[in-house]
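Reading the structure
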Amino acid sequence: ARLDHATRRALAQIQLNRIVSASEPADFTSQAREYYAANPDKYTRPEQIRVQHILVSTKTRTEAEAQERAEMVKSLVESSDKAFAELADEYSDDTSVTKNHGNLGFFARGKMVKPFDDAAFALETPGDVTGPVKTGFGYHVIELLERREARPIPFEAVSRAIIEEQKSKHRSKVVSAEFDRLSKLEGIEVDQEAIESLVFRTQFPGRPPQQPTANKTDAN
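Conventions used here
- Residues numbered from 1 in each chain as written.
- Predicted model: local features only at pLDDT ≥ 70, side-chain atom pairs only at ≥ 80, totals over all residues.
- Heavy atoms only, no water.
- Helix = DSSP H or I, 4+ residues; strand = E, 2+ residues; numbered from the N terminus.
- Buried < 20%, exposed > 50% of the residue type's maximum accessible area, 1.4 Å probe, protein only.
- Patch = residues over 30% accessible without salt bridge, like charges linked within 9 Å, V, L, I, M, F, W, Y side chains within 5 Å.
- Areas by Shrake-Rupley, 256 points an atom, 1.4 Å probe, with all protein chains shown as cover.
- Salt bridge = Lys/Arg side-chain N within 4 Å of Asp/Glu carboxyl O.
- Core = buried A, V, L, I, M, F, W, Y, C linked by side-chain atoms within 4.5 Å.
- Contact = heavy atoms within 4.5 Å.
- Polar contact = N/O pair within 3.5 Å; in protein donor to acceptor, adjacent residues only side chain to side chain.
- Axes fitted to C-alpha atoms, helices over the stretch in contact; angles between N-to-C directions.
- Parallel < 35°, antiparallel > 145°, perpendicular 65-115°, else oblique.
- Arc of directions from axis to C-beta.
- Pairing = 2+ DSSP bridges.

**Details of the overall build of the protein**
Counting secondary structure elements, the protein contains eight helices and six strands. The N-to-C order of helical and strand elements in the protein reads α-α-β-β-α-α-α-β-α-β-β-β-α-α. With 220 residues in all, the protein has 33% of them scored as buried.

Here is the structure:
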């Protein structure tokens, strides 16, 4: 019975593959290009900035002490001959300072806590400094290093993923249409749970269905 069941499922899968292959459009790349052109927002790298910061923690200081120290650090950043990285090494309480010297690299909006995010993105010109900015970590002095404007991701960089997505959508559409056709044939009794299980296996080959079907007659 198990062998017969496995054989029928394998033959059904082969038949589905044949139906899908026979109905595939000649050129998925053209479809992918059309989809890419119709969804520019989905394939755009967001605006990013690169900043460096010095954190004055409030964990070992009172709010007043931390704010006063942060204001002093900002004055040093604006007037000292020392580079920002040197001042970060000397004054920052950020545990990552020994590795990055205060440089946080590029990030898009929403990647940092909101007060820091808002203050950093408000900076316009490389070299602009803001602070002290209060967050849950303490007070930050922030300097803008570089800004990258939002720009489209080249089609070539995402074409493979879009083509695979279009193939998956096409397969799902064809399989659904075939199940609909079979369900309307005279004398056919539909086992919806078995159908959903097969659809899942078709769309996600190699992954077990979330709710295995037991004691059911497969729809063929």
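**Focus: a nonpolar patch on the surface**
A surface patch of nonpolar side chains, amounting to about 220 Å² of accessible area, comprises Leu185, Ile188 and Val190. Mapped onto the elements of the fold, valine 190 is located in the loop between α7 (155-183) and α8 (192-203).

**Topic: the nonpolar core**
Across soluble globular proteins, you tend to see nonpolar side chains buried next to one another. Ile54, Val73 and Val77 are the most contacted members of the largest nonpolar core, which has 13 residues in total. Secondary structure elements with two or more residues in this core: β2 (48-57), α3 (63-79), α4 (84-91) and β5 (138-148). Setting aside its immediate chain neighbours within four residues, valine 73 contacts Ile54, Val56, Tyr91 and Val141. Grouped together as the second largest cluster of nonpolar side chains are 11 residues, Phe121, Leu123, Val133 and Leu144 included.

**Quick word on the side chain of threonine 135**
Structurally, threonine 135 is set in strand β4 (residues 129-135). Classification of threonine 135 by relative accessible area gives buried; the value is 5%. A polar contact of 3.1 Å, which involves the side chain of threonine 135, links it to the backbone nitrogen of phenylalanine 137. Those residues within four positions of threonine 135 in sequence are excluded, and the remaining contacts are Val113, Pro115, Phe116 and His140.

**Digging into the packing of helix α2 (residues 28-38) against α7**
Here α2 crosses α7 at 110°, and the two axes come no closer than 8 Å. Judged on the interaxial angle alone, α7 and α2 are roughly perpendicular. Here Phe28, Thr29, Gln31, Ala32, Arg33, Tyr35 and Tyr36 of α2 come into contact with α7, specifically with Phe155, Glu156, Val158, Ile162, Ile163, Glu165, Gln166, Lys167, Lys169 and His170.

**Regarding the pattern of salt bridges**
On inspection of all chains with the given rule, the structure shows 11 salt bridges. For the salt bridge of arginine 8 with aspartate 4, the shortest nitrogen-to-oxygen distance reads 3.2 Å. Of this pair, arginine 8 and aspartate 4 both sit in helix α1 (residues 2-23), separated by four residues, roughly a single helical turn. Residue classification places aspartate 4 among the partly exposed positions, given a relative accessible area of 45%. The salt bridge involving lysine 42 is made with glutamate 165; its shortest N-O contact spans 3.6 Å. With lysine 42 in the loop between α2 and β1 (44-45) and glutamate 165 in helix α7, this residue pair connects regions lying 123 residues apart in the sequence. Through salt bridges with shared partners, a single network forms among Lys42, Glu165 and Lys169.

**Let's talk about α4**
Among the residues of α4, those classed as buried are Phe84, Leu87, Ala88 and Tyr91. Buried positions in α4, seen along its axis, are confined to an arc of 105° and lie on one side of it. Against β2, α3, α5 (97-100) and β5 lie the buried residues of α4.

**Looking at the sheet that holds β2**
Spatially, the four strands line up as an open sheet ordered β3-β2-β5-β4, and their pairing is antiparallel. Strand pairing shows two members of the sheet lacking a second neighbour, β3 (103-108) and β4, which therefore form its edges. Sheet twist, expressed as the mean angle between neighbouring strand axes with direction ignored, is 35°. Alignment of β4 against β5, held across five bridges, turns out to be antiparallel. What sits directly across from lysine 134, in β5, is tyrosine 139.

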